[in-house]
Amino acid sequence: MTGDVLLRAVREADLPVFFEQQVDPEANVMAAFVAEDPTDREAFMAHWAKILGDESVTTMTIVVDGQVAGHIASFEQFGKPSVSYWLGKDYWRRGIATRALAELLRRISTRPLYARAAKDNLGSLRVLEKCGFSISGEDTGFANARGREVEEFILVVHAPAGGEGSAERGATG
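Throughout what follows, the structure given in this document is the object of discussion.

Thresholds, definitions, all that
- Counting of residues starts from 1 at the beginning of each chain's written sequence and follows it residue by residue.
- Reporting of local features is limited, given that this is a predicted model, to residues whose pLDDT is at least 70; pairs of side-chain atoms are given and counted only at 80 or more, and all residues count toward the totals for whole chains, interfaces and linings.
- Side-chain calculation: all heavy atoms of the structure are included, whereas hydrogens and water are not.
- The convention used is that axes are lines fitted to C-alpha atoms, helices contributing only their stretch in contact, and that angles between N-to-C directions extend from 0 to 180 degrees.
- Every helix listed is a DSSP run of H or I at least four residues long, and every strand listed is a run of E at least two residues long, numbered separately from the N terminus.
- Here the angle decides the label: under 35 degrees means roughly parallel, over 145 means roughly antiparallel, 65 to 115 means roughly perpendicular, and every other value means oblique.
- A crossing counts as left-handed when the near helix is turned anticlockwise from the far one by less than a right angle, and as right-handed when that turn is clockwise.
- The criterion used for residue contact is that any of the two residues' heavy atoms lie within 4.5 Å.
- Side-chain classes follow a simple rule in which Ala, Val, Leu, Ile, Met, Phe, Trp, Tyr, Cys and Pro form the nonpolar group, Asp, Glu, Lys and Arg form the charged group, and the remainder, Gly included, forms the polar group.
- Accessibility here uses a 1.4 Å probe with only protein chains present; expressed as a share of the type maximum, an area under 20% marks a residue as buried, one over 50% as exposed, and anything in between as partly exposed.
- Arc, as used here, means the arc of the directions from the helix axis to the C-beta atoms.
- Only one rule defines a salt bridge in this text: a Lys or Arg side-chain nitrogen within 4 Å of an Asp or Glu carboxyl oxygen.

Two numbers describe how helix H1 (residues 15-22) lies on helix H3 (residues 41-53): the axes approach to 11 Å, and their chain directions differ by 125 degrees. The orientation of H1 relative to H3 falls into the category oblique. As for the relative orientation of H1 and H3, their crossing is right-handed in sense. For the pair H1 and H3, the contacting residues are Leu15, Pro16, Phe18, Phe19, Glu20 and Gln22 in the first and Arg41, Phe44, Met45, Trp48 and Leu52 in the second. Its residues assigned to classes, the contact of H1 with H3 comprises eight nonpolar, one polar and two charged.

Spelled out as structure tokens, the structure:
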């Protein structure tokens, strides 16, 4: 465990930290589904400009003990409201992703809400399960980080945090 995990709006100063976190080769292999060239800073910045300019996307910076640990988002993917997250490798295995996702789920009422993870990304699958997601299907997709097709699980959570029923509304990407 670690200290406080906070979610806040993404700041322009966070982007260089996100970039450095996402160029890590081990993190790319684990995530599998990453940019074609994760080292292309210009493409990275253009991608983030698009994300931050899209009002349908909820993107937050994950802050741990005052440091940028990663980011988390709710967006539309394959026509379904979805979530994703990325933590710098220094923040893995400390319960941070679980706490950040739990907080995001408290803040957004969109349900059902979907997530995807490579079948062998056991850490991410565990985070999703701890936050109430369950496997609802399977898919395959080309994983740039691995240079091949990779099997993934599709997960879903139905009830909002606190069990207050479900709310259907469009989410984000």
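Here we take up unusual backbone geometry. Between Arg111 and Pro112 the backbone carries a cis peptide bond, its omega angle lying at -5 degrees. Residue placement: Pro112 occurs in the loop between helix H4 (96-107) and strand S5 (113-118). With phi around 55 degrees, Phe78 is a residue other than glycine that occupies positive phi space. Note on placement: Phe78 falls in the loop between strand S3 (67-77) and strand S4 (80-87). Here Phe78 falls in the exposed class, since its relative accessible area comes to 62%.

Helix-helix packing: each pair is described by the crossing angle between the helix axes and the interaxial distance. Orientation of H4 relative to helix H5 (residues 122-130), taken along the N-to-C sense of each, is 40 degrees, at an axis distance of 9 Å. Here H4 lies oblique to H5, going by the angle between them. In this structure, H4 meets H5 at a crossing whose hand is right-handed. Touching Ala97, Thr98 and Leu101 of H4 are Val127, Leu128 and Lys130, all from H5.

All right, on to H5 then. Every buried residue belonging to H5 is among Ser124, Leu125, Val127 and Leu128, and all of these are buried. Along the axis of H5, the buried residues cluster in a sector spanning 160 degrees; they form a single face. In H5, the exposed residues that point more than 90 degrees away from the buried face are Leu122 and Lys130. In this fold, the buried residues of H5 make contact with S4, H4, S5 and strand S7 (148-157). Just past H5, the residue Gly132 takes up positive phi, approximately 95 degrees.

Looking now at the pattern of salt bridges. Summed over all chains, the structure comprises eleven salt bridges. Linking Arg8 and Asp14 is a salt bridge whose minimum nitrogen-to-oxygen distance equals 2.8 Å. For Asp14, a relative accessible area of 3% gives the class buried. In this structure, the salt-bridge partner of Asp24 is Lys89, at a minimum N-O distance of 3.3 Å. With a gap of 65 residues between them, Asp24 in the loop between H1 and helix H2 (25-31) and Lys89 in the loop between S4 and H4 connect regions that are remote in the sequence. Here Asp24 falls in the buried class, since its relative accessible area comes to 18%. Three or more residues joined by partner-sharing salt bridges are found here, namely Asp24, Glu26 and Lys89.

Bear in mind that shape data such as this cannot, by itself, settle questions of function.
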